[in-house]
Structure formats: structure tokens, C-alpha cells
Amino acid sequence: MQRPVFAANWKMNHGPSAARAFVAEFTAKWSPHADRTVLLFPPALSVSTVVEALSSRSDIGVGVQNIWTEDRGAFTGENSAPMARDAGARFVLVGHSERRHVFGETDEQAALKCAAAERSQLTPILCVGELLEQRQAGETESVVLRQLKAGLAKLSSAAIGSMAVAYEPVWAIGTGKTATPGDASVVHAEIRKALETRVGAAAGAIPILYGGSVSTGNAAALLAAKNVDGLLVGGASLKVDDWALICGT
Ligand code: PGA
């Protein structure tokens with residue numbers, strides 16, 4: 001993945017019609033840039049539409065926001081990694097804080113989902129981040145490193161070398177509060193160190209994205225922070241103009 005990486009997490013927004021309109025407007029405004037990676041994570045029902053709408057734009061990647069741990073079977077309502085791949089997705093968010101804290105997903109499930117992604121040649125972006133009370137209790141580093149270590153447990157070194165990690169402090173997501181670039185940099189450095197322990201020098205090439213209330217106003221300062229290699233953007237990625245500005249940071 002060419003850094004910096006700009007990833008749009010649309011969450012449960014933009015069904016197929018809105019997604020098609022977004023892509024038409026965005027691709028009219030955003031020309032291919034070889035010096036960065038732009039990724040869209042639409043809701044699963046919109047993935048095929050987005051892939052089709054981007055057929056002439058191989059510079060923009062598409063991913064799913066979640067997968068189930070198994071490849072097929074009796075899991076009503078879930079989507080598997082092979083299905084995501086078949087629909088044209090090449091990336092997957094794993095362990096997003098809303099999956100962990102709204103849907104009760106565990107570290108073990110995040111690990112199984114990363115493994116499922118590798119089986120189907122999807123590139124995982126493993127999301128980690130602490131709750132406000134954990135930050136206040138001085139537990140940021142231990143929580144983030146526990147989530148990271150657990151999430152990577154079932155991946156090969158080759159898969160880790162080509163994946164990405166996103167640090168998203170839970171208290172900063174959708175709240176308008178962001179970590180300062182300095183705060184983000186400290187945690188990102190810890191993540192980089194832990195990745196080095198696992199895969200050695202290859203860790204230097206793994207993009208570590210920051211996410212949590214990223215906006216057109218703070219994107220440049222966050223991206224300038226050491227070890228911040230990209231941005232995972234929720235709310236501000238839903239508007240074409242803001243998203244194009246952020247991608248141009
Ligand atoms: P936000 O969401 O930018 O709306 O805070 C980020 C995310 O949850 O990935």
C-alpha cells in the first residue's frame with residue numbers, strides 16, 4: 001500500500017443508489033494520484049455497486065467493513081471473506097471499535113477474521129483503540145498492544161507485512177474530540193515497536209492509520225505526526241468535497 005493511506009469508513013450510510021452517486025461525483029473531482037492510496041469501505045450491500053462504478057479507476061480500492069470468521073455456512077445475516085472477494089472487495093476492516101463495543105466482538109474473533117481475510121486474499125486493516133476510562137486509568141498502551149497482538153496471532157508474517165493497522169481511540173470516534181498529533185504519535189510508535197517484534201524490519205512498511213473525528217481541519221496536522229501513515233475517516237468521508245480535500249492532504 002502506497003503511503004499515505006486514506007480510508008473512508010461509511011459505516012451504515014450510502015446504500016447502492018447513494019453510493020453510486022458518491023462515486024460518480026468523487027471520481028469527477030479526484031484524479032488518480034500515484035503517491036497515495038485511497039480506499040472506500042461502503043456497507044456490504046453497496047460493495048458491488050461501488051466496485052462496478054469504479055471499474056475504470058483501479059487507483060481506488062474497495063473494502064468491506066466486516067466479515068464473519070467462517071467461509072460459509074449457517075450464519076444468518078453474515079458475509080464471508082470469499083463472498084467479499086467475489087463481490088470485488090480487496091480490503092476488510094477488522095475489529096472496528098463499533099464491532100467491539102456495540103456488537104461485543106472479542107480479540108479472538110478479530111484474530112479469526114484476520115485469518116479468514118488472509119485465506120481469501122483480502123488485506124485486513126486491524127483497528128485498535130482504548131476507551132476513555134482506559135485512557136484515564138493509564139491503560140492506553142496495554143489495551144492497544146493487547147488488541148494488536150491478539151489480532152495478529154493467526155496471520156502469517158507475509159500477511160502482516162502487507163496489511164495495515166488503524167489506531168482509533170474510542171473516545172475520539174464520532175465525538176468531535178481528536179487525539180492530538182502528539183498523542184497519536186506516541187501510540188503509533190508503540191504499535192510500530194510491537195510490529196517490529198513480530199515481523200522485524202518489515203514493520204517499517206506497514207501503514208499505521210489514525211482514526212477518530214478526522215476532519216478537513218485537522219487532517220494535515222495528524223498526517224504530519226511521526227508514524228502516522230494515513231487516516232481512517234468516518235463522518236467526514238460521507239461528503240464528497242470533504243473527502244476529496246482530505247485525500248488531497
Ligand atoms: P469518525 O469515525 O471519523 O466519524 O470519528 C472514524 C471511524 O470510526 O472509523
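In what follows, the structure referred to is the one given above.
Right, let's walk through the structure included here. (Residues numbered from 1 in each chain as written. Predicted model: local features only at pLDDT ≥ 70, side-chain atom pairs only at ≥ 80, totals over all residues. Heavy atoms only, no water.)

**Quick notes on the sheet that holds strand 2 (residues 37–41)**
The strands making up a sheet associate through backbone hydrogen bonding, with each pair oriented either parallel or antiparallel.
Step number 1: The sheet built from eight strands closes into a barrel, its strands ordered 1-2-3-4-5-6-7-8 with parallel pairing. Each strand of the sheet is rotated relative to its neighbour by a mean of 25 degrees, with strand direction disregarded.
Step number 2: Sheet analysis places strand 1 (residues 5–9) next to strand 2, joined by five bridges and oriented parallel. By the bridge assignment for strand 2, alanine 8 is matched with leucine 40. (Pairing = 2+ DSSP bridges. Helix = DSSP H or I, 4+ residues; strand = E, 2+ residues; numbered from the N terminus. Axes fitted to C-alpha atoms, helices over the stretch in contact; angles between N-to-C directions.)

**Some remarks on the pairing of strand 8 (residues 230–233)**
Step number 1: Of the two faces of strand 8, both are covered, the one formed by Gly230 and Leu232 as well as the one formed by Leu231 and Val233.
Step number 2: Sheet analysis places strand 1 next to strand 8, joined by four bridges and oriented parallel. Bridge pairing in strand 8 links phenylalanine 6 to leucine 231.
Step number 3: Relative to strand 8, strand 7 (residues 208–211) runs parallel, the two being bridged by three bridges. By the bridge assignment for strand 8, leucine 209 is matched with glycine 230.
Step number 4: Each parallel crossover has a hand, and for strand 7 linked through helix 10 (residues 219–224) to strand 8 it is right-handed. (Buried < 20%, exposed > 50% of the residue type's maximum accessible area, 1.4 Å probe, protein only. Right-handed = clockwise from strand over helix to strand, strands pointing away.)

**So, the nonpolar core**
Step number 1: Ranked by internal contacts, the top residues of the largest apolar core, which has 64 residues, are Phe26, Ile191, Leu195, Tyr210, Leu231 and Trp243.
Step number 2: Leaving out residues up to four positions away in the same chain, leucine 231 has contacts with Val5, Phe6, Ala7, Leu209, Tyr210, Val214, Ala219, Leu222, Leu223 and Ile246.
Step number 3: Core analysis: the second largest hydrophobic core is formed by 12 residues, Val5, Leu39, Phe91 and Ala164 among them. (Core = buried A, V, L, I, M, F, W, Y, C linked by side-chain atoms within 4.5 Å. Contact = heavy atoms within 4.5 Å.)

**Some remarks on helix 9 (residues 181–199)**
One turn of the α-helix equals 3.6 residues, which is why residues spaced by three or four share an orientation.
Step number 1: In a regular helix each residue adds 1.5 Å, so 19 residues correspond to 27 Å; helix 9 covers 26 Å between its end C-alpha atoms and thus fits that length.
Step number 2: If you check which residues of helix 9 are buried, you get Ala184, Ser185, Val187, His188, Glu190, Ile191, Arg192, Leu195 and Val199.
Step number 3: Of the surrounding secondary structure, the elements contacted by the buried residues of helix 9 are strand 5 (123–128), helix 6 (132–136), helix 7 (140–152), helix 8 (157–161), strand 6 (164–167) and strand 7.
Step number 4: Looking one or two residues beyond helix 9, the residue adopting positive phi is glycine 200, at roughly 65 degrees. (Expected span 1.5 Å × (residues − 1).)

**Digging into the site of the ligand**
Step number 1: Close contacts around the ligand come from 14 residues, with Lys11, His96, Glu168, Gly174 and Ser213 the closest.
Step number 2: Between the ligand and the protein, one listed contact pairs an oxygen atom with a side-chain N or O atom of glutamate 168 at 2.7 Å.
Step number 3: A distance of 2.8 Å separates an oxygen atom of the ligand from a polar atom in the backbone of glycine 235.
Step number 4: Across the complex, the protein chains shield 95% of the 280 Å² of accessible surface that the ligand would expose by itself. (Near = heavy atom within 4 Å. Polar contact = N/O pair within 3.5 Å; in protein donor to acceptor, adjacent residues only side chain to side chain. Areas by Shrake-Rupley, 256 points an atom, 1.4 Å probe, with all protein chains shown as cover.)

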